[in-house]
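Each chain is listed here by its residues.
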Amino acid sequence: MNLSKVKAKKKNQQLAPQGNETPATNGPREVSATRGAILIVLISVVIALGISWWQDPTTEVDADQLLNRVRSALLSALDEPDAALRRQLSFPANNALLEIEPTNAVSRHSIRLLRCVALAIIVGEEEETGNIYETEMMELMLQIDFRQCFPEDLLMAARVFYMAGRLSRSDEMIATALMREEGRYEALNIAVQIRIAQGRLDEALAYTGELCEWQPTNPYWWQLRASVLAQSDGKIQTVKESIRVTRKLLEFNIPNSFALRMRLVDDLLKTDNPTEARTEFDLVKGKSLETVSMQPMLEAKLLYFEGNMPAAQEIAEKVLARDSTSVGARLLKGRVEHANGQWESAIETLQLVLKSHESNPEVHYLLGQAYARHGEDDKSQQHLERHQTLTDAKAQIEALLKLVREHPYDATLREQVADQYLRIGNLEAARRWRPATE
Amino acid sequence: MLRQTPLFLLFLCSLILSTGGCGTTDPVAPSPTTSPHPVEVKSTETAPSQSVNNNALLPSLEMVKETPRELQDGDLFENVAEQVGVDFVYQNGLEAAHYQLIETLGGGAALFDFDQDGDLDIFVSGGGGFSDPPLVTLGKPGVFYRNDLDADGGAMHFVDVTSEVGLAAAPFYSHGCAVGDYDADGFPDLLVAGHGGCQLFRNEAGKCFTDRTAAAGLIMPSWCVAGAFADIDRDGDLDLYVATYATWQPDATRQCISDRGKRDVCAPAQFAGARDYLWENCGDGTFQDITDGAGITLDGNRGLGVVAVDFDSNGWVDFFVANDVQPNALYSNHGDGRFESTGLVAGVAFSATGKMEGSMGVDVGDFNGDGAPDIHYTNYTLQDNSLAQNDGRGGFTQANSVTNLFHKSTPWVGWGTAFLDLDGDGWEDLIAINGHAGYEYQDGPYFQPSQIFRNQQGKQFKEITARAGPYFSVPHAGRGLAIGDLDNDGGVDLVVVNQNEPVAVLRNRQPYEHWVRLRLRGTQSNRDAVGAKITLVNEKQTLTRWIRGGGGYASHFDFRVLLPWNDSRESEIEVHWPSGGIEWFGNLAPKVTHELVEGQGKEKESAVGAPGE
């Protein structure tokens, strides 16, 4: 399975509202290959028949009906996890669209848009420069007024472009779709994914809020909201909302509630509520030791919050013995050593944390303090200054994010957020906030 | 493909449902005129067009559903305010519904022996209100209670003598108070701080007070909250540090929206902090502003609490300033007239994780018995109160996590605080007085329970609020806390100033069985011996206490030092005088107040040189 296939499958799964059904497990590779070969043959036949059917002069169908058939074909293509098959299914759709005579402006723009969808599937994620389909798609795109397109076509196009990693195009499409009442909730569903990919989590959060309000008994929307919250800024209001959403999800009796409860423990600790966190943790521990053992650092964190430093440190060291790259375990170890006044070991531990988390202000602060107590004033000063720079930048970012919440489409503000992240060396966040340029 | 089919079908269903197809109805489809986006909950910010119907509910005592439980045998404290004649209420003016920042700060109390008759009298600041718009803050008089304690150590009884002693005027909205014998005449003087400045009241031989503010040159057109008298230059008189809050003026049109989306008091961070003041006592009844020259450099610091002792053991008194939404300050006194801001390097500017806190009250004590002054300061909600352990050289380690105080106070907004040894075991316990600043904020209720933590052998703290007594069984809007032995029975009593609720006088029901009380009188040092360090060494432990300038929140604690005296054999007290001299005092009879006069003890070699050496 190539990378694009994996990505496409992942994105498909993200977009699809989930019911109680659980996907079947993977079959043996050989069976899949055989099934794939059979499918290719079948699809080729269907394509051949389809083209002839589309083109059959004796079949009296109007443009709208033809458009509907193309839509169905494209949706089928989208459902196909294999990129090669998706492409094969999209060629006839593209050809068929060339034959359809638009009856009005709406259908003209929709036909162009659907062609772009077909071409986007054909081009895939590679975006090869000079690819004739790519060039054709870009030229077509210039001729489309998204406001004139059918809502369902706009949604499909937004989804396809998102899946192809063309975020700015899908953003344009979804922004237009969101301005309409028709299809709003599906638009919101797709918009959430696009916003997550763009790092515009505040908007994704607002959209999921609307979806949960729309269908409060649909666990999928709550799961979606929970996933956005899990990636959000970690501010106290966000964490409190995450607790509320997790508790709501637990009411649905969905599978894997232990993992949910562990998330709840983590959130409760973030809101300084170790008592409730302990209750939830013990509940999981009593029923699923396996779940607990999979997240040893959560127990260490809980013990640390409860003031049981030796036990917390013991777990952290065990984790580090197994996995020396565990930053969480190392940071906790450093905190405990710092709190116990073990300056030399705290410095050693925290310097290791810094190697992978240079822009963590807490680590610089702790190092600044440790060096000061250890009599190394210059190093202390250096880390305390870095702590101040990072703290100031984070304050700036928070202030900017507040403005972004008020003006979510202001590219200049996003640019400024990206600049601040760049200033503190957080390239990943800077990249997410920089408006897409493709 | 088959594997994807159920998901795809669901996706299609969702598409169909959401586009309103198949005859389904959309129960909550947004109308075109309404915003489809949920309203983002914001923290405080200006919103001039906010409807008055959206005001936060103004708190009243009726909102406290719980009634205090009955007094039980093992309770530490009993509120005897009514029985002993204390019925004063600090008022913050909330009833006018102007939702002004000044309403959040509250007031404090001072416990000192005004008339030198051997017992503690009580001053409580009055607070204030507002004029009709355009708003101006107005003062309300404080109260002064004379303690008519039965000379034989019987029941305490307080008489309101506010007018008689000349404290009935209220030129400004008041908050804190500080006490110090600035003119060294043997009678403690009173400083009252508030919006618009401070008032310095000279104690006229225990008969009345006279306002000497203008004569002393203490002109501070600022929002003053608390003060600390201390002798910064060891010239034998008390200088004065005044903590100021913010550059703020009342404004009825300013409206701030809370995280509940309601009009509420504004967050302090919306207003720039103000410059604190350091006044040098010129020795002739006047003071000189030496703030800038002395290096009190943290401009705009939003100071609320201040305490003065020698933190770095260099023999010169330093200041710790608890700042709200600004780094806390530690000003280390170099002894040459210059202070250095060392809070960041010392580890008290920020929280244990390097985050800025909203700090309010502060006290100094020795929680682990190592002889170095540790700091406990109270913080805003979702921030632990902080216990900073001194390494003896003025460097601190935040010790919450190793003393079981981690996350014990995070739900509450802390104000008054004190180190006090409640059970006479020699280990200083901790008290924190709580109450939210805003009226209806999401992060905590307005009325909050106060807390007491018992010190377990200097290693861990354990919350014992449940057996603290009826006052602690219900929430209050607490602010200032003053501590002192009001009935001279060997137990430290508490006076708590609540917002718009009668002052609580909490009598200690478990006084020490054996004790001595020390009253220090400086001769070379300042007369109140502010900055002195007192050490009692007995078989089991070393007890260290300080005569601190300032401390608590907006309050003044009894200058006298009460020590448990468990050792039946003769023990000796070591006093490090602020002048630099060290003396030993012995042969102290139990259950008596001893006046230790500088120069009358057994002299020991001086730890640090005299000024100028």
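Residues numbered from 1 in each chain as written. Chains lettered and ligands numbered in written order. Predicted model: local features only at pLDDT ≥ 70, side-chain atom pairs only at ≥ 80, totals over all residues. Heavy atoms only, no water.

1. Re the overall build of chain A
Phase 1 of the analysis: Broken down by element type, chain A carries 23 helices and 0 strands.
Phase 2 of the analysis: Split into buried and exposed, the 438 residues of chain A put 52% on the buried side.
Phase 3 of the analysis: Considering only residue pairs separated by 6 or more positions, chain A has 57% of its internal contacts joining residues 24 or more positions apart.
Phase 4 of the analysis: Summed over all atoms, the accessible surface of chain A reaches about 20300 Å², with 53% contributed by carbon and sulfur. (Helix = DSSP H or I, 4+ residues; strand = E, 2+ residues; numbered from the N terminus. Buried < 20%, exposed > 50% of the residue type's maximum accessible area, 1.4 Å probe, protein only. Contact = heavy atoms within 4.5 Å. Areas by Shrake-Rupley, 256 points an atom, 1.4 Å probe, with all protein chains shown as cover.)

2. Remarks on the overall build of chain B
Phase 1 of the analysis: Per the secondary structure count, chain B includes 4 helices and 41 strands.
Phase 2 of the analysis: The buried share of chain B, taken over its 613 residues, is 61%.
Phase 3 of the analysis: Carbon and sulfur atoms form 52% of the exposed surface of chain B, whose accessible area is close to 21500 Å².

3. Remarks on unusual backbone geometry
Phase 1 of the analysis: Between P133(B) and the following residue, P134(B), the backbone shows a cis peptide bond with an omega angle of 0°.
Phase 2 of the analysis: Residue position: P134(B) is located in the loop between β4 (128-130) and β5 (137-139).
Phase 3 of the analysis: The phi dihedral of D272(A) falls on the positive side, at around 60°, and the residue is not glycine.
Phase 4 of the analysis: Its place among the elements puts D272(A) in the loop between α13 (257-270) and α14 (274-287).
Phase 5 of the analysis: Backbone geometry places N587(B), a non-glycine residue, at a positive phi of 55°.
Phase 6 of the analysis: With respect to the helices and strands, N587(B) occurs in the loop between β39 (582-585) and β40 (593-597).

4. As for helix α19 (residues 343-356) of chain A
Phase 1 of the analysis: Taking 1.5 Å as the rise per residue, α19(A) with 14 residues should run 20 Å; its terminal C-alpha atoms sit 21 Å apart, in good agreement.
Phase 2 of the analysis: Taken residue by residue, α19(A) has W343(A), A346(A), I347(A), T349(A), L350(A), V353(A) and L354(A) as its buried positions. (Expected span 1.5 Å × (residues − 1).)

5. Some words on the sheet that holds strand β28 (residues 451-456) of chain B
Residues and elements named next belong to chain B.
Phase 1 of the analysis: Spatial strand order, β26-β27-β28-β29: 4 strands in an open sheet with antiparallel pairing. Unpaired on one side and paired on the other, β26 (414-420) and β29 (460-463) mark the two borders of the sheet. Recorded for the sheet is a direction-independent mean angle of 20° between the axes of neighbouring strands.
Phase 2 of the analysis: Across 4 bridges, the pairing between β28 and β29 is antiparallel. Its bridge partner lying in β29, Q456 is registered against Q460. (Pairing = 2+ DSSP bridges. Axes fitted to C-alpha atoms, helices over the stretch in contact; angles between N-to-C directions.)

6. Digging into the sheet that holds strand β24 (residues 386-390) of chain B
Residues and elements named next belong to chain B.
Phase 1 of the analysis: Strand order across the open sheet formed by 4 strands is β22-β23-β24-β25, with antiparallel pairing between neighbours. The sheet is open, and its two borders are formed by β22 (359-365) and β25 (396-398), each paired with just one other strand. Taken over all neighbouring pairs, the strand axes of this sheet differ in orientation by 25° on average, direction set aside.

7. Some points on the packing of helix α12 (residues 236-251) of chain A against α13(A)
Residues and elements named next belong to chain A.
Phase 1 of the analysis: Taken N-terminus to C-terminus, the directions of α12 and α13 make an angle of 155°; their axes are 9 Å apart at the nearest point. With respect to α13, the element α12 is oriented roughly antiparallel. Taken as a pair, α12 and α13 cross one another with a handedness that is left-handed. Here I236, V239, S242, I243, T246, R247, L249 and L250 of α12 come into contact with α13, specifically with S257, L260, R261, R263, L264, D267, L268 and K270. (Parallel < 35°, antiparallel > 145°, perpendicular 65-115°, else oblique. Left-handed = near helix turned anticlockwise from the far one by under 90°.)

8. Digging into the pattern of salt bridges
Residues and elements named next belong to chain A.
Phase 1 of the analysis: Within the structure shown, the criterion is met by 50 salt bridges over all chains.
Phase 2 of the analysis: We note a salt bridge from R278 to E306, for which the minimum N-O separation is 2.8 Å. With R278 in helix α14 and E306 in the loop between α16 (296-305) and α17 (309-322), this pair connects stretches of sequence that are 28 residues apart.
Phase 3 of the analysis: Exposure remark for E306: the relative accessible area of 27% places this residue in the partly exposed category.
Phase 4 of the analysis: What you see here is one network of salt bridges that share partners, running through D171, R195, R200, E203 and R414. (Salt bridge = Lys/Arg side-chain N within 4 Å of Asp/Glu carboxyl O.)

9. So, the nonpolar core
Phase 1 of the analysis: Formed by 136 residues in total, the largest nonpolar core has its most connected members in L190(B), F319(B), L518(B), L520(B) and I573(B).
Phase 2 of the analysis: Excluding residues that lie within four positions of it along the chain, I573(B) makes contacts with L518(B), I534(B), T535(B), L536(B), L563(B), W565(B), E583(B), W584(B), F585(B), L588(B) and L596(B).
Phase 3 of the analysis: Of all hydrophobic cores here, the second largest spans 96 residues; its members include L260(A), L264(A), V292(A) and L302(A). (Core = buried A, V, L, I, M, F, W, Y, C linked by side-chain atoms within 4.5 Å.)

10. A word on helix α7 (residues 151-163) of chain A
All names here are of chain A.
Phase 1 of the analysis: The terminal C-alpha atoms of α7, which comprises 13 residues, lie 18 Å apart, in line with the 18 Å expected from a rise of 1.5 Å per residue.
Phase 2 of the analysis: Listed in full, the buried residues belonging to α7 are P151, D153, L154, L155, M156, A157, A158, R159, V160, F161, Y162 and M163.
Phase 3 of the analysis: Immediately beyond the C-terminal end of α7, within one or two residues, lies G165, with a positive phi of roughly 80°.

11. Things to note about the state of the cysteines
Residues and elements named next belong to chain B.
Phase 1 of the analysis: Applying the stated criterion to the full structure yields 1 disulfide over all chains.
Phase 2 of the analysis: The disulfide bridge from C256 ends at C266, spanning 1.9 Å between sulfur atoms. On the S-S bond that ties C256 to C266, the torsion sits near 80°, and the link is right-handed. Remark: C266 occurs in the loop between β15 (263-264) and β16 (277-281) and C256 occurs in strand β14 (residues 256-257); sequence separation between them is 10 residues. For the pair formed by C256 and C266, the shared burial category is buried.
Phase 3 of the analysis: Lacking any disulfide linkage, C177 is separated from the closest cysteine sulfur, that of C198, by 11 Å. (Disulfide = S-S within 2.5 Å.)

12. Some points on the pairing of strand β6 (residues 143-147) of chain B
Residue and element names in this part refer to chain B.
Phase 1 of the analysis: Burial analysis of β6 places 4 of its 5 residues in the buried class, the great majority of the element.
Phase 2 of the analysis: Relative to β6, strand β3 (residues 121-124) is paired through 3 bridges, and the arrangement is antiparallel. By the bridge assignment for β6, I122 is matched with Y145.
Phase 3 of the analysis: Looking at chain direction, β6 and strand β7 (residues 158-160) are connected through 3 bridges and run antiparallel. Looking across to β7, one finds that R146 is bridged to V159.

13. Quick word on the environment of G261(B)
Phase 1 of the analysis: Mapped onto the secondary structure, G261(B) falls in the loop between β14 and β15.
Phase 2 of the analysis: A C-alpha to C-alpha distance of 39 Å links G261(B) and T397(B), two positions 136 residues apart in sequence.

14. Describing the packing of aromatic side chains
All names here are of chain B.
Phase 1 of the analysis: Taken as a whole, this structure holds 32 aromatic pairs over all chains when the rule is applied.
Phase 2 of the analysis: Ring centres of F130 and Y173 lie 6.3 Å apart, and the angle between their planes is 45°; on these two criteria the pair is classed as tilted. On the criterion of sequence distance, the pair formed by F130 in strand β4 and Y173 in the loop between β7 and β8 (174-180) is long-range, its members being 43 residues apart. Considered together, F130 and Y173 belong to a single accessibility category, that of buried residues.
Phase 3 of the analysis: These aromatic residues form a ring-pair network of at least three members: F112, F114, F144, F201 and F209. (Phe/Tyr/Trp six-rings, centres within 6.5 Å; stacked < 30°, edge-to-face > 60°.)

15. Some details on the side chain of T342(B)
Residues and elements named next belong to chain B.
Phase 1 of the analysis: Inspection of the secondary structure assignment puts T342 in the loop between β21 (339-341) and α4 (343-346).
Phase 2 of the analysis: Take T342: its relative accessible area is 17%, and that puts it in the buried class.
Phase 3 of the analysis: When neighbours within four sequence positions are excluded, T342 is seen to be in contact with L330 and S332.

16. Digging into a negative patch on the surface
Phase 1 of the analysis: A cluster of acidic residues, E82(B), D87(B), D160(B) and E164(B), forms a negative patch at the surface.
Phase 2 of the analysis: In this fold, D160(B) is placed in strand β7. (Patch = residues over 30% accessible without salt bridge, like charges linked within 9 Å, V, L, I, M, F, W, Y side chains within 5 Å. Lys, Arg positive; Asp, Glu negative; His and termini not counted. Charge placed at Lys NZ, Arg CZ, Asp CG, Glu CD.)

17. With respect to the environment of T253(B)
Residue and element names in this part refer to chain B.
Phase 1 of the analysis: Tracing the sequence through the fold places T253 in the loop between β13 (239-244) and β14.
Phase 2 of the analysis: On a C-alpha basis, the gap between T253 and H98 in space is 8.7 Å, while along the polypeptide they are 155 residues apart.
Phase 3 of the analysis: Reaching out from T253, the side chain makes a polar contact with the side chain of D251 at a distance of 2.6 Å. (Polar contact = N/O pair within 3.5 Å; in protein donor to acceptor, adjacent residues only side chain to side chain.)

18. With respect to the confidence of the model for chain B
Predicted coordinates in regions of low pLDDT should not be interpreted in detail.
Residue and element names in this part refer to chain B.
Phase 1 of the analysis: Averaged over all residues, the pLDDT of chain B is 89; the fraction at 70 or higher stands at 89%.
Phase 2 of the analysis: Counted against residues more than four places away or in other chains, residues 1-51, with its pLDDT under 50, gives 99 contacts.
Phase 3 of the analysis: Per-residue pLDDT stays below 50 along residues 607-613; that stretch engages in 11 contacts with residues further than four places along the chain or on separate chains. (pLDDT = per-residue confidence, 0-100.)

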